[in-house]
Amino acid sequence: MQEPPRSAEELAGLLAGGAPLLPTVREQLARVRADLDARFVAGENIRTLVRERAQRLDALLACIWSHFGLAGEPGIALLAVGGYGRGELHPHSDIDLLALITDESVKDRHGAALESFITFLWDTRLAIGHSVRTLDECREVAAGDITIATALMEARTISGDAALLGRLAALTGPEQIWPSAEFFRAKWDEQKARHRKFNNTEYNLEPNIKGCPGGLRDVQTVGWVAKRHFHAASTLELVARGFLTAHEYEALADGQDFLWRVRYGLHMLADRAEDRLLFDHQLSLARLFGYTDDERGLGVEHFMKDYFRCVLKLGVLNEMLTQLFDEAILRACEPVNLYEINNRFRVRNGYIEAAHDNVFRNAPWALIEMFTLMAQHDFIVGVRASTIRLVHGSRRLIGTELRRDPRANRLFLQLLGSPYRVATQLDRMKRYGVLGRFIPEFGRIVGQTQHDLFHVYSVDSHTIRVVRNMRMFLLPRAREDFPTAAHAIKRLPRPELLYIAGLFHDIAKGRGGDHSNLGAADAIEFCRRLELSPREGNLVAWLVQNHLVMSATAQRKDISDPEVIIAFARLVSDQVHLDYLYTLTVADINATNPTLWNSWRASLLHSLYVQTKRALRRGLENPMDRGERIAETRAAALGLLAGHGLAPARAEALWAHMGADYFLRETAADIAWHTEAILARATPEAPVVLIKAAGSRFDPVTQIFIYTRDRDYLFAVITATMEQLGLNVYGARVYSSADHHTLDTFFVLEQDGRPVPPEGPRAEAIRQALLEHIQGEEHYLDVVQRHTPRALKHFSAPTETRLNADPVNGYSILEVMTPDRAGLLARIGRVFLAFGIKVQNARITTLGERVEDVFFITDANQQPIGDAEMGESLQRAIREALDQGGAAPESARRAMA
């Protein structure tokens, strides 16, 4: 292959030989890209590729500029500005150009040529950003727009009158517009706003490598301030000025190189300007960069761990340098207000600093003390940059000896018991590299991700958020948003134990094995280090080991079953363990995914908490038996009905056909509601459809109750109808009566999470649709087809099923784990119909991109699925129906036959 041209002269030679301009330029651009892309894949140095792309484009543009008769003309120059001005170009970076002229007379002379030049560039399909301005116009627009002023700072000449660049620099320099103090303040405000846009965290499922905290824009901001205030040609000059150490500069440059490789790869794979590290690109880049799956996790998870560690390091460097700039530029003349805390630390204008450079060398435990002092003094807003640097240089002191030092461990325990911003200090310890050395197990999870939509944050970020949520439960506003957690945390005898459990609950992820058991072992060892009592250490370890149990019980088991409550109560054993576990569970769920906590989950956990609390008060040795509970519920329901003028005999006659489960699992109020409506029917065969409004925060979903003659296809028809109506089903209870009727309760919310109003046009439309379909002839409804979000399409794991018998309760438990999609329940319902399956209860749980649904089912004779071959066929049919789509999978059709 012919080498692409490296200079304007070479391209000019091609054109002089008769080559047509546009096809020749397009061909050369394509060859340049192919050459550089091949070298990128081969692993060539990214700095060479990014800068060489800019140099080669310079050559092409200079030749084109000359072709249109603009080269050598006085008073006009072609300038590269912005990122291109820095000499940095990725495959689809914007190519920002400025045609700089001295005055309008130059535009009059060369206007036609400039227009032809720009039109031609668009025809080449380059991503051109262009402007034609006089020197005075440049000064005027730059004075009013910090973005334009910043772009002009990067300007360099590609072709034309070289003297114009110097005149532009003089007109737009800090002596004329944007003095360095104003410039720094504006760029700092710009950075803060950008960070807020990304929730002030480096950790996002699909991060923007340019705009997120610790991203490329943060690196560029450092360079812009250095150039504006110190007239530094590059960030390297900050080393000579004492603002950066050689090691810090190397870390900054290495971090930029890593992000440049990621960005180059993104542009190449997406074939467009793309700075979002989308899921599909994460996988492709991981493969491109040689990451592979192993026992510790997926290759893409290893890649993202390196990415997050890189941006975390760059974020800390940006924080330190920004503060140094603040002190040198904005606070240079500010009066110094010093407050001595002890002989190791003092506070200077609100920022804590080491009293001297040997503080940590003389007392390594002071590396923990500094953060404890910040948590004990509300007026300390941060750490001085010089001390951040000192902490970084002293991290090697955090080893086995310090971890065994009682002073360091006591200080850490004091930090957890301090009144101010405990989670913030833990996050600082993590960011500065202290926490991961003091607790080495934590260091291994920094930046660790799980490649799914359920775990939004990396493990370390999630962990700090768990502790932050726990601390939030202590604030007054928590009484409104999290009333039960706010009440429970106030009852804890020692909240520090809760925070330790929060730090360790996921600490063993990525090691293989059960992370709950492994984390519990780590936790008890750490508690010994902190010299906690064996009882306290065992409590922390128990919390870590069981941190998933309460959520799983509430969402995957039938908590209306007294036996489930008793089993859970035996696990927690007392009120103290219940309070600790409930608070940890709520904090954990809310720190996993912002969309995970909803009113339905809140109500399930609250119900489990309250019922367990009652069981503990009653005594585990003396639980209420089934007969006692049934009698109590019936009596209460009869009392309510009597208040409405309904004779007890009529209710008893109706109830004579109903099984014991109905009175065990339903409340007296709901039984009275159902009974009154059923007995008020115009004809004995008329179906009943009732809609009950959401009640309190602990009863947040809409109940739809259906009473009708039992039919085999009923569950399939009802779920399909609800999906067509745009209702999300969160749970179901299904009872069959001895007189062949079914009493079904569905717990639903609208697509946006709102409850359904019990009256009005929407409620009436739901009633009519359900009545129409449950009374119709046996038929299938069309499965709902809705748009699948892009992120969901990326996760296409096969459906998993599990089937276990529960002979004590008389049903089988079917678990279905599958990617979320429209029409899911309707498809499962069709398979149930084909196999003659009766649904007794259901739990519908969506976790990010996956659903984990649990169905409590029987065969047509109301017995658990006892035939192993039938159980396997049922599961296979469900997997086919969900993974292959279609109305009736082959295995289901065979079962129907």
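As the structure is a prediction and not an experimental result, all values here were calculated from the model.

(A) Molecular detail of the overall build of the protein chain. Helix and strand counts for the protein chain stand at 42 helices and 17 strands. Expressed as lengths along the three principal axes of its C-alpha atoms, the size of the protein chain is roughly 105 × 75 × 50 Å. Buried residues in the protein chain amount to 56% of all 897 residues. A fraction of 71% describes how many contacts in the protein chain between residues 6 or more apart in sequence connect residues 24 or more apart. In the structure as shown, the protein chain presents an accessible area of about 37,000 Å², 51% of it carried by carbon and sulfur atoms. The centroid of the 105 positive side-chain charges in the protein chain is displaced by 4 Å from the centroid of its 113 negative side-chain charges.

(B) Focus on the sheet that holds strand β5 (residues 338-340). Read across the open sheet, the 4 strands follow the order β5-β6-β7-β8; overall the sheet is mixed. Every other strand in the sheet has two partners, leaving β5 and β8 (382-383) as the edge strands with one partner each. Bridge analysis of β5 against strand β6 (residues 345-348) gives 3 bridges, and the strand direction is antiparallel. Bridge pairing in β6 places Glu-340 opposite Arg-346. The strands that helix α16 (residues 366-376) touches are β6, β7 (351-354) and β8; relative to β6, the one it contacts most, it runs at about 45 degrees.

(C) Layout of the packing of aromatic side chains. All told, the structure shown has 33 aromatic pairs when counted by the stated rule. Ring centres 6.3 Å apart and planes at 75 degrees place the aromatic pair Phe-40 and Phe-289 in the edge-to-face group. Residue Phe-40 is located in helix α2 (residues 21-41), and its partner Phe-289 is located in the loop between α13 (279-288) and α14 (299-330); the two are separated by 249 residues in the primary sequence. Judged by its relative accessible area of 0%, Phe-40 falls in the buried class. Each ring, one from Phe-371 and one from Tyr-432, has its centre 6.2 Å from the other, and the planes form 45 degrees; the classification is tilted. Taken as a pair, Phe-371 in helix α16 and Tyr-432 in the loop between α20 (422-431) and α21 (435-438) lie far apart in primary sequence, 61 residues in all. Three or more aromatic residues joined by ring pairs make a cluster, and in this case those are Phe-40, Tyr-264, Phe-289, Tyr-291 and Phe-303. Stacked on the ring of Tyr-457, the Lys or Arg Arg-465 has its end atom at 3.8 Å from the ring centre. One residue, Arg-634, lies across the ring of Phe-663, its end atom 4.8 Å from the ring centre.

(D) Geometry of the packing of helix α7 (residues 146-153) against helix α9 (residues 180-197). In the contact formed by α7 and α9, the axes pass within 11 Å of each other and the chain directions differ by 110 degrees. When the axes of α7 and α9 are compared, the pair comes out roughly perpendicular. Regarding α7 and α9, the two cross each other, and that crossing is left-handed. Contacts from Ile-146, Thr-147, Thr-150 and Met-153 in α7 reach Phe-183, Ala-186, Lys-187 and Glu-190 in α9.

(E) Seen up close, the pairing of strand β17 (residues 850-858). Among the 9 residues that make up β17, 8 are buried, leaving the element largely enclosed by the rest of the structure. Sheet topology note: the strand β14 (residues 811-819)/β17 ladder contains 8 bridges and is antiparallel. When the bridges of β17 are listed, Thr-818 appears paired with Val-851. Where strand β15 (residues 838-843) lies against β17, 5 bridges are found, and the strand directions are antiparallel. If you follow Arg-843 over to β17, its bridge partner there is Val-854.

(F) Structural detail: the sheet that holds strand β1 (residues 76-80). Here 4 strands make up an open sheet; going across it, the order is β3-β2-β1-β4 and the pairing mixed. Looking along the sheet, the strands with just one partner apiece sit at the ends: β3 (128-134) and β4 (156-160). Neighbour-to-neighbour, the strand axes of this sheet turn through a mean angle of 25 degrees, independent of strand direction. Relative to β3, strand β2 (residues 95-101) runs parallel, the two sharing 7 bridges. Within the sheet, the bridge partner assigned to Leu-97 lies in β3 and is His-130.

(G) Quick look at the nonpolar core. In terms of nonpolar packing, the biggest core is built from 157 residues, with Phe-325, Phe-412, Leu-426 and Ile-500 touching the most fellow members. Per-element tally for this core: the top contributor is α14, with 16 residues. Ignoring sequence-local partners within four residues, the contact set of Phe-412 consists of Ile-368, Leu-426, Met-429, Leu-435, Phe-438, Ile-439, Leu-503, Phe-526 and Leu-530. If you look at the next biggest cluster of nonpolar residues, it comprises 44 residues, including Val-689, Ile-774, Ile-844 and Ala-881.

(H) Expanded view of the pattern of salt bridges. All told, the structure shown has 54 salt bridges when counted by the stated rule. Ionic pairing is found between Arg-431 and Glu-202, a salt bridge with its closest N-O pair at 2.7 Å. Residue Arg-431 is located in helix α20, and its partner Glu-202 is located in the loop between α9 and α10 (216-230); the two are separated by 229 residues in the primary sequence. A residue is classified by how much of its surface remains accessible, and Glu-202, at 5% relative accessible area, is buried. Residue Arg-346 pairs with Glu-353 through a salt bridge whose shortest N-O separation is 2.6 Å.

(I) Molecular detail of a nonpolar patch on the surface. Taken together, the side chains of Val-41, Leu-269 and Leu-288 define a hydrophobic patch exposed on the protein surface, amounting to about 220 Å² of accessible area. Looking at the secondary structure, you find Val-41 in helix α2.

(J) Focus on helix α12 (residues 246-270). Spanning 25 residues, α12 covers 36 Å between terminal C-alpha atoms, matching the ideal 36 Å at 1.5 Å per step. Directly beyond the C-terminal end of α12, a positive phi value near 55 degrees is found at Asp-271.

(K) Layout of the packing of α16 against helix α19 (residues 406-416). Close contact between α16 and α19 brings their axes to 9 Å; oriented N to C, the two are set at 25 degrees. One element, α16, and the other, α19, form an angle in the roughly parallel class. As α16 packs across α19, the resulting crossing turns out to be left-handed. Residue-level inspection shows Ile-368, Glu-369, Phe-371, Thr-372, Ala-375 and Gln-376 of α16 in contact with α19, the latter providing Ala-408, Leu-411, Phe-412, Gln-414 and Leu-415. Of the residues that constitute the contact of α16 with α19, the class distribution is 7 nonpolar, 3 polar and 1 charged.

(L) Inspection of unusual backbone geometry at higher detail. For Arg-421, which is not glycine, the phi dihedral falls at a positive 50 degrees. Relative to the elements of secondary structure, Arg-421 occurs in the loop between α19 and α20. Under the relative-accessibility criterion, Arg-421 is labelled partly exposed at 34%. For Gln-862, which is not glycine, the phi torsion reads 65 degrees and is therefore positive. Examined against the element boundaries, Gln-862 turns out to sit in the loop between β17 and α41 (868-884). Given the relative accessible area of 33%, Gln-862 is considered partly exposed.

Reading the values: the criteria
- Residues numbered from 1 in each chain as written.
- Predicted model: local features only at pLDDT ≥ 70, side-chain atom pairs only at ≥ 80, totals over all residues.
- Heavy atoms only, no water.
- Helix = DSSP H or I, 4+ residues; strand = E, 2+ residues; numbered from the N terminus.
- Buried < 20%, exposed > 50% of the residue type's maximum accessible area, 1.4 Å probe, protein only.
- Contact = heavy atoms within 4.5 Å.
- Areas by Shrake-Rupley, 256 points an atom, 1.4 Å probe, with all protein chains shown as cover.
- Lys, Arg positive; Asp, Glu negative; His and termini not counted.
- Charge placed at Lys NZ, Arg CZ, Asp CG, Glu CD.
- Pairing = 2+ DSSP bridges.
- Axes fitted to C-alpha atoms, helices over the stretch in contact; angles between N-to-C directions.
- Phe/Tyr/Trp six-rings, centres within 6.5 Å; stacked < 30°, edge-to-face > 60°.
- Lys NZ or Arg CZ within 6 Å of the ring centre and 35° of its normal.
- Parallel < 35°, antiparallel > 145°, perpendicular 65-115°, else oblique.
- Left-handed = near helix turned anticlockwise from the far one by under 90°.
- Core = buried A, V, L, I, M, F, W, Y, C linked by side-chain atoms within 4.5 Å.
- Salt bridge = Lys/Arg side-chain N within 4 Å of Asp/Glu carboxyl O.
- Patch = residues over 30% accessible without salt bridge, like charges linked within 9 Å, V, L, I, M, F, W, Y side chains within 5 Å.
- Expected span 1.5 Å × (residues − 1).
- Nonpolar A, V, L, I, M, F, W, Y, C, P; charged D, E, K, R; others polar.

Without other data, these values stay purely geometric and don't point to any function.
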